[in-house]
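Chains, contacts and geometry: an overview
Below, each chain spelled out in residue letters.
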Amino acid sequence: MVQSVQRAARILRELATHGPRLGVTELADRIGVSKPTVHALLQTLEAEGLVRQEKGTSKYLLGMALLRLGNSYLETQELRSHSVAWADTLAERTGEAVWVAVLDDRHILVVHHAFRPRSGVQIPDLGASVPWNTSALGKSLAAFLPSQRQQELLEGDLARLTGHSVVDPVVLADQLEAVRQTGYALEDQESTLGEACIASPVFDRSGEPAGAIGVIGPVERLLSKANRQRHAIAVRDVATLLSRELGAGRGVAWRVTD
């Protein structure tokens, strides 16, 4: 790898995860290089619009050019472009908000958010990043990954965001097996207290999971006796149709045990 590019990428990652404002000394300590080197890298990144220096504090923040890059990524994201109409369909069918996500290292990244129909003001969650093990979207994806990649996820750091987060790899492995049997994953307040999610994987023409789609909302509504199974079937049906649109073929990827 090119060392300077790697260091620049680490600076951007530190600003994204530990910012929003960090100084030269803080960044030098975090990435383990000298302050002059960090300063030179920051000047280059600033010239390209990838970071900006805050007046008055001399600390650095992420720059507007990253937003343009992010939007360009979304525009070329095949799953997102195909899922927009299907997400709207699922939102109308369930009356809940819908997330479409892809796996980004050990997190899921939300690439599309369909709002809950006929609801009040809602905040878009596009770009939200959630640890895979605390998300139904992440579990539905992980369940169908190649065994080596799945094992890497189970053996790595497992985040705990709430008291309901599952951090036991044995329990998680059992949950992934259940997902392979039913075709959907459940999340009960594992990322955010009071919220639940039901998600299914979406496959591409290679037969590998390209992402996941799921409904998200208040736990008392989403996982109620009246709604839980109905929503799960709706999510799985839409995920199957979306998979076919992506070229996954007509074979069902899971054994249904309803």
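Whatever comes next refers back to the structure up there.
Every chain is numbered on its own, with residues counted from 1 as its sequence reads. With the structure being a predicted model, the display of local features is reserved for residues of pLDDT at least 70 and the display and counting of side-chain atom pairs for 80 or more, all residues being used for whole-chain, interface and lining totals. Where side-chain values are given, they derive from all heavy atoms of the structure, hydrogens and water being excluded.

We now examine the sheet that holds strand E5 (residues 129-131). Think of it this way: DSSP has to see at least two bridges between two strands before they count as a pair. Numbering of helices and strands starts at the N terminus; helices are DSSP runs of H or I of at least 4 residues and strands are runs of E of at least 2. Read across the sheet, six strands follow the order E5-E4-E3-E8-E7-E6 without closing on themselves; strand pairing throughout is antiparallel. Among the strands making up the open sheet, the edge pair consists of E5 and strand E6 (185-188). The average undirected angle you get between the axes of adjacent strands in this sheet is 30 degrees. Pairing geometry for E6 and strand E7 (residues 195-203), over four bridges, is antiparallel. The residue of E7 that forms the bridge with Glu 187 is Cys 197. With axes taken as lines fitted to C-alpha atoms, and helix axes fitted only over the stretch in contact, angles between N-to-C directions fall between 0 and 180 degrees.

Moving on: the nonpolar core. In this text, buried Ala, Val, Leu, Ile, Met, Phe, Trp, Tyr and Cys residues form a nonpolar core when linked through side-chain atoms within 4.5 Å. Here's how the labels work: a residue is buried when its accessible area is under 20% of the maximum for its type, exposed when over 50%, partly exposed in between, all with a 1.4 Å probe on protein chains only. Residues Ile 108, Trp 132 and Leu 137 are the most contacted members of the largest nonpolar core, which totals 28 residues. The set of elements that each furnish at least two residues to this core consists of strand E3 (97-104), strand E4 (107-114), helix H6 (136-142), helix H7 (147-155), helix H8 (169-182), E7 and strand E8 (209-218). Top element by residues in this core is H6. It accounts for four residues. The contact rule is simple, with two residues in contact once any of their heavy atoms fall within 4.5 Å. In this view, Leu 137 contacts Trp 99, Ala 101, Ile 108, Cys 197, Ala 199, Ala 212, Ile 213 and Gly 214; residues no more than four positions away in its chain are not counted. Ala 91, Ala 114, Ile 198 and Ile 213 belong to the second largest nonpolar core, which has 25 residues in total.

Relative to the helices and strands, Val 219 resides in helix H9 (residues 219-222). The exposure class of Val 219 is buried, given its relative accessible area of 17%. Residues Val 219 and Leu 193, spaced 26 residues apart in sequence, show a C-alpha to C-alpha distance of 8.7 Å. Ignoring any residue separated from it by four or fewer positions in sequence, one finds Val 219 in contact with Asp 188, Gln 189, Gly 194, Glu 195, Ala 196 and Ser 224.

Any functional reading would require information that these geometric values do not contain.
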